[in-house]
Structure formats: structure tokens, C-alpha cells
Amino acid sequence: MPRSTIAHIDLDALRTNYRTACERAGSARVMAVVKADGYGHGIARIASALADVAPKYAVACIEEAFAIRAAGHTQPVVLLQGVHAADDLADCVESQFEPVLHGVHQLKWMEQGSHLPDFWLKINTGMNRLGFWPDDLPAVMARLEKMNAFARLQGFVSHFACADDADSTMTSAQTATFETATSPWPSLMKSVGNSAAHFIPGQPLFDWSRPGIMLYGGSPIAGKTGPELGLEPVMTLEAPLITTRTVRAGESVGYGAAWVAERDTRMGMVAIGYGDGYPRHAGTDTPAAINGRRIRLIGRVSMDMLAVDLSNAPEAREGDLVELWGRTVGVDEVASCAGTISYELLTGITSRVPRICR
Ligand SMILES: *Cc1c(COP(=O)(O)O)cnc(C)c1O
């Protein structure tokens, strides 16, 4: 019998969240961002579950695009990081991958090679990770025209630095920079919106939005949970209680004796730890749930197990399943207890944990 530590994947919730993204995107079309193994949910099953509704996918690298093809799906796949080598351009043409052109080295590969896929041009509007400065755009466009690449150029992309923060003025500044920079080429498409941008009132999403985390039910907005934004959790992470005992007042639990019982406390050990991707930084008081009732972690998370306080769940027995996150305890709550974001928790679940579709 395999261990019943499982990440259940609710594909109906995924499709509901995709519909929510489409509603929020208005007239923009919605490419489904499925990088990092579908944010840890399994890229093949995520791509398959969205295949009849998503007109395009977006991934970070070409291996992920090939994984979508291996799953049998033929929609164009945007490579958000573009190609990593000149040779990849031929694969892009053959497989209908649309790389993002973000640097001069990639421009040279296009000039020197004979393979020109459909592609996107990235503009750096202030994120300062990738892309051409608006000032450099006329020269880049002239080079593209010279190599007859205009027909392949789909449009312009940029990425927001602070869309998760409703009080930041940076998103509107980046949007204005983007609109000004692209205005000489009004017939080309535009794409800016990550998940957070779907929740900013009045934010233009142009021709294509690019939601990732919201499809999986995680919150893109600081200080709000996915359910508070109308999103449904897609992953429910569960693990069995493998022992229960009462620790006496004054006794400690786990490594570093980091938690000491103030009173006699019924506790349990759960078969999941940081070796499964559960965050080690989730300390005492991080919520979990058993039989629909909220409980809390106590002490340090170990590699293969963690301890919970069962004071709130006197009926809990060995074999009962503990929800680490899902519908009762939101992944965003656990993330904030661990000092991180749901993106890191979802993408961090290791291959030891089977993903099973509900
Ligand atoms: C990852 C990514 C997205 C999706 O971001 P979310 O915050 O998960 O919605 C969109 N665009 C680019 C360029 C990305 O790298």
C-alpha cells in the first residue's frame, strides 16, 4: 500500500478559475500560463484540462513546450524566456512555439539563422529583468524589418513588477510606458497582464492576458487569499496521521525541542515534511485541518513528518487524513505563515507526492 500522502488535483476548479480569468479579461484573449510543471500540478494534465478552452499556452522554456506537445495538444505555446540557443529557433518553427525576443543576442541568432518562428518582442517598462528599453525599440524594429521578420512578429509583451500591490503607482506607469512605446505599431498585438492585473480595476489587458497563479486558485494579490478573490483551490494536499500521543506539560516535540507543551496536549504525527515540499519555515500555529476541523502545527517540520496539536480534534485517530492545504485551509494562509507566497509552495511539492485527479 503506498503512503496516502497525496496532492489531489481538482480539474473542475481549474476550469472554473480559467473562466473567471476570461470574464475578468474582458475582450482580451487568455493564454494559460502552465510553466513550472503547471505550477506543480502536472503540466500534461493541466494542459489537457484546458485544451478545449485555451487558445494558447505560455511556458518558461522549450522543454515545457515539448511536454505540451507530448500530451497531444497543438495550440501555439509562447516561450516567455524565448530561446536559449540559436538551434531552438528551428524547433520553434516546426512545433509552433512562439518565443519572446528579449535580448540582442537572440536578435543576432534570428539574423544569422534561416528559421523565423512567430514571435513576440519584450519591452522593459521597469521590471528590469528582460526586454528592450523603449528607446531601443526603433532600432530593433528596423533590424527586424531588414530581415523580413515583421510578418512573424505577433506583438509586444511586458511584465509588471508590482501588480500585486493595489497601492503601487508602478503598474499604471509601466502601462503608460508600454502604450507610448508601442504606439507607432498599432496593428501589432499587446500582452501585459499576469494574474494580479486581472484584479486591478480599470487596468487595460490589451489583446492577450497571461494568468498563471489564479488558474490554480492561489492569490496574486498581497494580503488577500484566493477564495477571497473568488478563486477555487485546485490542489488539496493531504497526508495521514501516523501516530497520536499525549505529551505532558513541560515536554517538547521535535528537532531543537522548539515547542514545549504548556499543558498536557494530545498531538499527532503526520506523514509529510519538507522532503515532500511542505515548507520547513511553517512554524508552530500554521493551520492544517482534520475531518473538516482546523488544527495547528507544533514544533519544527522534519523531512518526512510534522507534528500537529489535536486539542481541537479529540476524535482524530491514526489513519485519518490531515489537510495541509485545500478547501479548509488555504494555501495562501500556509504561505504567509511560512513567509512566502503560494507560488513557491505549489511549485515546490516534490515528486515523492503523487498528484491524483479528483
Ligand atoms: C509567470 C509569468 C506570468 C504569470 O504570472 P502569475 O503571477 O502567475 O499570473 C505572466 N507573464 C510572465 C512573463 C511570467 O513570467
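For the structure itself, consult the block above.
Per chain, residues are indexed from 1 in the order of the written sequence. Reporting in this predicted model follows two pLDDT cut-offs: at least 70 for local features of residues, and 80 or more for side-chain atom pairs to be given and counted; totals over whole chains, interfaces and linings ignore these cut-offs and use all residues. For side-chain calculations, the full set of non-hydrogen atoms in the structure is used, while hydrogens and water are omitted.

Among the residues of helix α3 (residues 43–50), those classed as buried are Ile43, Ile46, Ala47, Ala49 and Leu50. Along the long axis of α3, the arc covered by the buried residues comes to 165°, so they all point the same way. Should any heavy atoms of two residues lie within 4.5 Å, those residues are counted as being in contact. Secondary structure counts use DSSP, requiring at least four H or I residues in a row for a helix and at least two E residues in a row for a strand, with both numbered from the N terminus. If you follow the buried residues of α3, they end up packed against α1 (11–25), β3 (32–33), α2 (35–39), β4 (57–59) and α4 (62–70). When accessible area is computed with a 1.4 Å probe and restricted to protein chains, residues below 20% of their type maximum are described as buried, those above 50% as exposed, and intermediate ones as partly exposed. Working note: the arc is built from the helix axis to C-beta atom directions.

Next up on the list: the layout of surface pockets. A 1.4 Å probe that fits into a set of points on a 1 Å grid over the protein atoms alone but cannot get out defines a cavity; an open set with protein on both sides within 12 Å along at least five of seven lines defines a pocket, and lining residues are those with an atom within 4 Å of a point. Grid points are joined across faces, edges and corners, and a volume is the space filled by probe spheres set on the points. Computed from the structure, the largest pocket encloses a volume of approximately 850 Å³. If you go around the largest pocket, you meet 40 residues; those closest to its centre are His159, Asn194, Ile213, Ile341 and Tyr343. Every element with two or more residues in the lining of the largest pocket is listed here: α2, α9 (331–337) and α10 (342–348). The greatest single-element share of the lining of the largest pocket, amounting to four residues, is contributed by α9.

Along strand β7 (residues 119–122), one buried face is formed by Phe119 and Leu121 and the opposite face, lined by Trp120 and Lys122, is buried too. Look down the strands so they point away from you; if the path from the first strand over the helix to the second goes clockwise, the crossover is right-handed. As a crossover connection, the stretch from strand β6 (residues 97–101) through helix α6 (residues 104–112) into β7 is right-handed. Any two strands with at least two DSSP-identified bridges between them are counted as paired. Across four bridges, the pairing between β7 and strand β8 (residues 153–157) is parallel. Paired with phenylalanine 119 across the bridge in β8 is leucine 153. What joins β7 to β8 is helix α7 (residues 137–146), and the crossover it makes is right-handed.

Each salt bridge in this description consists of a side-chain nitrogen of Lys or Arg and a carboxyl oxygen of Asp or Glu lying within 4 Å of one another. Counting across every chain of the model gives 14 salt bridges. Taking the shortest distance from any N to any O, the salt bridge between arginine 352 and aspartate 276 comes out at 2.7 Å. In this pair, arginine 352 is assigned in the loop between α10 and β19 (355–357) and aspartate 276 in the loop between β14 (265–270) and β15 (287–290), connecting sequence segments 76 residues apart. Classification of arginine 352 by relative accessible area gives partly exposed; the value is 38%. Connected through shared salt-bridge partners, Arg3, Asp276, Asp304 and Arg352 make up one network.

Now for the site of the ligand. Close contacts around the ligand come from Lys35, Tyr39, Leu80, His159, Asn194, Ser195, Arg210, Pro211, Gly212, Ile213 and Tyr343, and that covers them all. Two N or O atoms count as a polar contact when they lie within 3.5 Å, although within protein this holds only if one can serve as hydrogen donor and the other as acceptor, and sequence-adjacent residues are included solely when both atoms are side-chain atoms. Between arginine 210 and the ligand, the recorded distance is 3.0 Å, taken from a side-chain N or O atom to a nitrogen atom. One of the side-chain N or O atoms of tyrosine 343 is found 2.6 Å from an oxygen atom in the ligand. For the ligand, the protein covers 91% of the area, taking 390 Å² as the surface of the free molecule. Assignment of a molecule to a cavity or pocket requires that more than half of its atoms lie within 2 Å of the corresponding grid points. When atoms are counted within 2 Å of each cavity's grid points, the one that captures over half of the ligand is the largest pocket. Each residue is assigned to one of three groups, with Ala, Val, Leu, Ile, Met, Phe, Trp, Tyr, Cys and Pro labelled nonpolar, Asp, Glu, Lys and Arg labelled charged, and all others, Gly among them, labelled polar. Here the residues of the shell around the ligand are counted per class, giving five nonpolar, four polar and two charged. A molecule or strand has a residue near it when one of that residue's heavy atoms lies within 4 Å. Working definition of accessibility: Shrake-Rupley area with a 1.4 Å probe, residue cover restricted to the visible protein chains.

Before going further, it helps to spend a moment on the environment of arginine 29. By secondary structure assignment, the location of arginine 29 is in strand β2 (residues 29–30). Arginine 29 sits in the partly exposed class, given a relative accessible area of 45%. For the pair arginine 29 and serine 351, spaced 322 residues apart in the sequence, the C-alpha separation amounts to 33 Å. If we ignore the near neighbours within four places in the chain, the residues touching arginine 29 are Met189, Asp207, Trp208 and Ser209.

Attention shifts here to α4. Side chains that are three or four residues apart share a direction in an α-helix, a result of its 3.6 residues per turn. Residues of α4 that are buried: Ile62, Glu64, Ala65, Ile68 and Arg69. Along α4, the residues classed as buried sweep out an arc of 160° about the axis, all on the same side. Among the exposed residues of α4, those pointing more than 90 degrees away from its buried face are Glu63 and Ala70. Those residues of α4 that are buried are in contact with α2, α3, β4, β5 (77–79), α5 (88–95) and β6. One or two residues past the end of α4 sits glycine 72, with phi positive at roughly 95°.

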